[in-house]
Amino acid sequence: MQASETQIATAALTVLSEEERMFQDSVRQFARERIAPHVRAMDEAGVFRKDLLEEFFKLGLMSIDVPEEYGGQGGTFFQSILAIEELARVDPAAAVIVDVSNTLFNNAILRWASVEQKRHWLPRVAGGTLVSYALSEAGSGSDAFAMTTRAVEDGDAFRITGRKLWITNAAEAGLFLLFATVNPEAGYKGITAFLIERDSPGFKIGKKEDKLGIRASSTCELILDDCRVPKSNVVGEVGKGYKVAIETLNEGRIGIGAQMTGLAQGALDHALAYAQQRKQFGKAIAEFQGVQFELAEMAVDVEASRLLTYNAARLRDAGRPFLTEAAMSKYFASQVAERVASRAVEIFGGVGFTKDYPVEKLYRDAKIGRIYEGTSNMQRMTIAKQLLGNRP
Ligand SMILES: Cc1cc2nc3c(=O)[nH]c(=O)nc-3n(C[C@H](O)[C@H](O)[C@H](O)COP(=O)(O)OP(=O)(O)OC[C@H]3O[C@@H](n4cnc5c(N)ncnc54)[C@H](O)[C@@H]3O)c2cc1C
């Protein structure tokens, strides 16, 4: 469903429709009541609870803007952004799980898959199959199209061999959108997108990373050894996988903008509550102007980050160009998340530096925003390219 041009033109960015507000409230309540009590334990264990994942599916959070005919909620991309923001406010690891399903996987399938493929795969994604998006390799991160994972044609199938690295959700996922090259000499024009099921022969989940932040979100290596994938699992055309990847990552960046905005809001919420309760020199520290000014600057940062992110998402739903705005959202929101989480730790003083309070985790979680789905330098390159008239 696309928002109308009039809606886009007349409403302030943060004014939500009745439907958007109700949706936001329901995700907020779910995050506070069901996720918050488990955040610390999941972070320490480095594992996301299975029962909570199941609740994501029951609530329809994994297929927010997928049409109802494919088992989805028939919502908007903007609603996915609201969900990611609300989840990140409580747990950025929970948010990225939902982000990958909506802004990367479903987005790619909706845009590039055939009607038969959508009918076959999307109801599974809505109904309980967690998904991953596998582009990066050890030797190809920012230079994503330098990948070496190779797909060789074999009758009515391709045989894929290679390794993918850093794949979010991989420990639990049942279905992977994976990029491989059918012709290394052709450069980016050899890249092709494939749907691969977890139990495919020749497909294995490798090492799980032990990370600084978003520890409950799994990040694993994928190992493909002569893995047979039917030709009917190619998404889009053979050799057009680079387009599938580039175009989905544009939306993906808005998702990370939302994750980082939510994280920053979460840190500000905690800092506000603590500053009003903690007493020094006989009064609440919130009564000192030095602390008030910190809180005010944090609030400006969060609002600016939210506005950039909502604008990019609303442009996308309106069918307008949003590439630069998406890069700005991710770039700025990830800076804000680091800055606001860092200031929140300071407002908590000594206890902010311990695991007994939630801001320490948000500070660690913030770092990933400047790295995945295109580092900050990659976002700056995208923005500069637009400014300079698309010069390479
Ligand atoms: C927790 C986590 C989850 C992830 N999830 C996924 C996932 O689900 N799917 C997936 O496909 N990938 C995933 N990634 C991979 C992620 O997208 C890459 O790590 C990221 O794109 C950076 O690539 P790299 O690590 O190879 O760093 P590099 O590309 O080696 O970059 C290293 C540094 O060099 C800089 N640099 C590189 N090239 C240039 C240049 N031309 N100009 C200026 N500076 C440059 C970068 O900005 C960076 O600071 C994940 C990574 C992590 C850590």
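Scroll up to find the structure this text is about.
Residues numbered from 1 in each chain as written. Predicted model: local features only at pLDDT ≥ 70, side-chain atom pairs only at ≥ 80, totals over all residues. Heavy atoms only, no water.

(A) Looking closely at the overall build of the chain. Helix and strand content of the chain: 12 helices and 10 strands. For 392 residues, the compact-globule formula gives about 21 Å, and the C-alpha radius of gyration of the chain, at 21 Å, lands near that figure. The dimensions of the chain, computed from C-alpha atoms along their principal axes, are 80 × 50 × 40 Å. Burial analysis of the chain (392 residues in total) assigns 54% to the buried set. (Helix = DSSP H or I, 4+ residues; strand = E, 2+ residues; numbered from the N terminus. Rg over C-alpha atoms; globule rule 2.2 N^0.38 Å. Buried < 20%, exposed > 50% of the residue type's maximum accessible area, 1.4 Å probe, protein only.)

(B) Main features of the environment of K361. By the secondary structure assignment, K361 is in helix α11 (residues 359-366). Between the C-alpha atoms of K361 and A157, which are 204 residues apart in sequence, the distance is 45 Å. Leave out the neighbours within four places in its chain, and K361 touches V39, D43, D91 and P92. Here D91 takes part through its side chain, which lies 2.9 Å from a polar atom of the side chain of K361. (Contact = heavy atoms within 4.5 Å. Polar contact = N/O pair within 3.5 Å; in protein donor to acceptor, adjacent residues only side chain to side chain.)

(C) Main features of the site of the ligand. Taken together, 19 residues sit near the ligand, with S136, S142, W166, T168 and T375 positioned nearest. In this structure, S142 approaches the ligand through a side-chain N or O atom, which is 2.6 Å from an oxygen atom. Note that a nitrogen atom of the ligand is positioned 2.9 Å from one of the side-chain N or O atoms of N377. Its atoms largely coinciding with the cavity grid, the ligand occupies the largest pocket. Of all the secondary-structure elements, those providing two or more residues to the shell around the ligand are β1 (131-134), β3 (157-168) and α12 (376-387). (Near = heavy atom within 4 Å. 1 Å grid on protein atoms, 1.4 Å probe; cavity = no way out; pocket = protein on both sides within 12 Å on 5 of 7 lines; lining within 4 Å. Sits in = over half its atoms within 2 Å of the grid points.)

(D) Region of the structure containing the nonpolar core. Counting 96 residues, the largest nonpolar core has I35, F48, F56, L61, Y133, L177 and F179 as the members making the most contacts within it. Considering each element in turn, this core owes the most residues, 14 residues, to helix α8 (residues 241-277). Beyond its immediate stretch of four places on either side in the chain, F179 contacts Y133, A134, L135, M147, T149, K164, I191, T192, A193, G241, V244 and A245. In terms of nonpolar packing, the next biggest core, distinct from the first, is built from 20 residues, I196, F203, C220 and L222 among them. (Core = buried A, V, L, I, M, F, W, Y, C linked by side-chain atoms within 4.5 Å.)

(E) Summary view of the environment of R111. For R111, the position within the fold is in helix α6 (residues 92-112). Given a relative accessible area of 35%, R111 falls into the partly exposed group. Residue contacts for R111: discarding those within four places in its chain leaves E247, E251 and R316. A distance of 3.2 Å separates polar atoms of two side chains, one belonging to R111 and the other to E247. Within the local environment of R111, its side chain forms a polar contact with the side chain of E251, the two groups lying 2.6 Å apart.

(F) A look at the packing of helix α2 (residues 18-35) against helix α4 (residues 50-58). With their axes 12 Å apart at the nearest point, α2 and α4 run at an angle of 165° to one another. One way to sum up the angle between α2 and α4 is to call them roughly antiparallel. Handedness of the α2/α4 crossing: right-handed. Side by side, α2 and α4 meet where F30, R34 and I35 of the first sit next to D51, L52, E55 and F56 of the second. Within the contact of α2 with α4, the residues separate by chemical class into four nonpolar, no polar and three charged. (Axes fitted to C-alpha atoms, helices over the stretch in contact; angles between N-to-C directions. Parallel < 35°, antiparallel > 145°, perpendicular 65-115°, else oblique. Left-handed = near helix turned anticlockwise from the far one by under 90°. Nonpolar A, V, L, I, M, F, W, Y, C, P; charged D, E, K, R; others polar.)

(G) View of the pattern of salt bridges. Following the criterion strictly, the structure yields 37 salt bridges and no others. E20 is paired through a salt bridge with R314; the nearest N and O atoms lie 3.1 Å apart. Taken together, the positions of E20 in helix α2 and R314 in helix α9 (residues 289-317) put the pair 294 residues apart, joining distant regions of the chain. By the burial criterion, E20 is buried, and R314 matches it. (Salt bridge = Lys/Arg side-chain N within 4 Å of Asp/Glu carboxyl O.)

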